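Structure assessment
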Amino acid sequence: MWVCSTLWRVRTAARQWRRLLPASGCHGPAASSYSASAEPARVRALVYGHHGDPAKVVELKNLELAAVGGSDVHVKMLAAPINPSDINMIQGNYGLLPELPAVGGNEGVAQVVAVGSNVTGLKPGDWVIPANAGLGTWRTEAVFSEEALIQVPSDIPLQSAATLGVNPCTAYRMLMDFEQLQPGHAPATACSQLCRWEKLHRAAAAVSVSPLGLQVQLAGTLQVFSWDDHQVTESQWPVQAKTRRGGTMVTYGGMAKQPVIASVSLLIFKDLKLRGFWLSQWKKDHSPDQFKELILTLCDLIRRGQLTAPACSQVPLQDYQSALEASMKPFMSSKQILTM
């Protein structure tokens, strides 16, 4: 599914922003291919033509649909959340930026309506999520290449599927990639506790270490910390102080756009390690099959009831302004999910 670098995919996905499908297609025939009608189809999409304040630059537009090629997949978007990375991308300060104009949204779940003649891994009715950031999920329907999508089971809750590809993957990799968990501890349980909330800081197992920070300690070997995006960086000091000797502090987001402040004494006397994690880079460093395996692992946790979706507020696409405003408020407690 992945044949080029992540950056290439993001730019390619952005160029496909006009490749959208009509709302009527959601009830199309269960055929293996799709033929465009004589009249250009139009769908709704949240588009931004330049970087800036999302509330000012994002517009709901009707866009035309290009013809579906042999390796393309016609999908109807079901739900797409608003994540911090979406906001950063619109603002123009994210690590990957699509070419403009672009459709917003890096995450979501869609249902396959029809597939091109060369598509072998998907069929009408399947649920799919983006393989990489930059696909542009804030739209009613679209045409994507088969390689840009990953199939997920349709027997999991819609909200779980819509929010599967970013935060749960990040939390799981942070648990598994930085420290060796002690024997006897169940990573799946820890993962479910961490992934239950968007920013890790509302995990079921979390205990307070400061008014603005929380920690999760796993068998004394790994500590994962999180702060709200808008709080002061000085609150990181007590968190660092509680980290065990030789421990690792991992940063995975920084909406406050403030530097991480580290205690020199803790770096020296406790050998504190400071690391960063970015899921897009992890995908670039690993094979498509490894990411598929990660997704299926998380889906299994969902089926077993060990991983649940974050607290969500479903907002119709046409009410996107209120959803964007809510997503940018400090200490937000509910993820905004656009429904199509």
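Before going into details, it helps to say that this report is about the structure given with it. (Residues numbered from 1 in each chain as written. Predicted model: local features only at pLDDT ≥ 70, side-chain atom pairs only at ≥ 80, totals over all residues. Heavy atoms only, no water.)

Buried residues dominate strand β7 (residues 141-145), accounting for 5 of its 5 residues. Judged by which residues are buried, β7 turns out to be covered on both faces: Glu-141, Val-143 and Ser-145 on one side and Ala-142 and Phe-144 on the other are all buried. With 5 bridges joining them, strand β3 (residues 72-81) and β7 adopt antiparallel strand pairing. Bridge pairing links His-74 to Val-143 in β7. (Buried < 20%, exposed > 50% of the residue type's maximum accessible area, 1.4 Å probe, protein only. Helix = DSSP H or I, 4+ residues; strand = E, 2+ residues; numbered from the N terminus. Pairing = 2+ DSSP bridges.)

Turning our attention to helix α10 (residues 288-303). Between the first and last C-alpha of α10 there are 23 Å, a value that for 16 residues agrees with the 22 Å anticipated at 1.5 Å per step. All buried positions along α10 are accounted for by Pro-288, Phe-291, Leu-294, Ile-295, Leu-298, Cys-299, Leu-301 and Ile-302. Looking straight down α10, one finds its buried side chains confined to an arc of 160°; they lie on one side. Away from its buried face by more than 90 degrees, α10 exposes Asp-289 and Glu-293. One or two steps after α10, the chain reaches Gly-305, where phi turns positive at roughly 80°. (Expected span 1.5 Å × (residues − 1). Arc of directions from axis to C-beta.)

Moving on, we get to the nonpolar core. In terms of nonpolar packing, the biggest core is built from 31 residues, with Val-58, Val-73, Val-75, Trp-138, Leu-149 and Leu-338 touching the most fellow members. For this core, the elements supplying multiple residues, two or more each, are β1 (42-48), β3, α3 (84-91), β5 (109-115), β7 and α11 (320-327). Per element, the largest residue contribution to this core is 4 residues, and it comes from β3. Apart from residues lying up to four places away in sequence, Val-58 is in contact with Leu-46, Val-47, Tyr-48, Ile-90, Tyr-320, Gln-321 and Leu-324. By size, the runner-up hydrophobic cluster in this structure holds 30 residues, among which are Ile-156, Ala-162, Met-174 and Ile-295. (Core = buried A, V, L, I, M, F, W, Y, C linked by side-chain atoms within 4.5 Å. Contact = heavy atoms within 4.5 Å.)

Next up on the list: the pattern of salt bridges. Between side chains of opposite charge, a pair can form as their charged atoms come close. The final tally for this structure, using the stated rule, is 5 salt bridges. Ionic pairing is found between Glu-59 and Lys-61, a salt bridge with its closest N-O pair at 3.8 Å. Residue Glu-59 is classed as partly exposed on the basis of its relative accessible area of 42%. Residue Lys-61 is classed as partly exposed on the basis of its relative accessible area, which comes to 36%. (Salt bridge = Lys/Arg side-chain N within 4 Å of Asp/Glu carboxyl O.)

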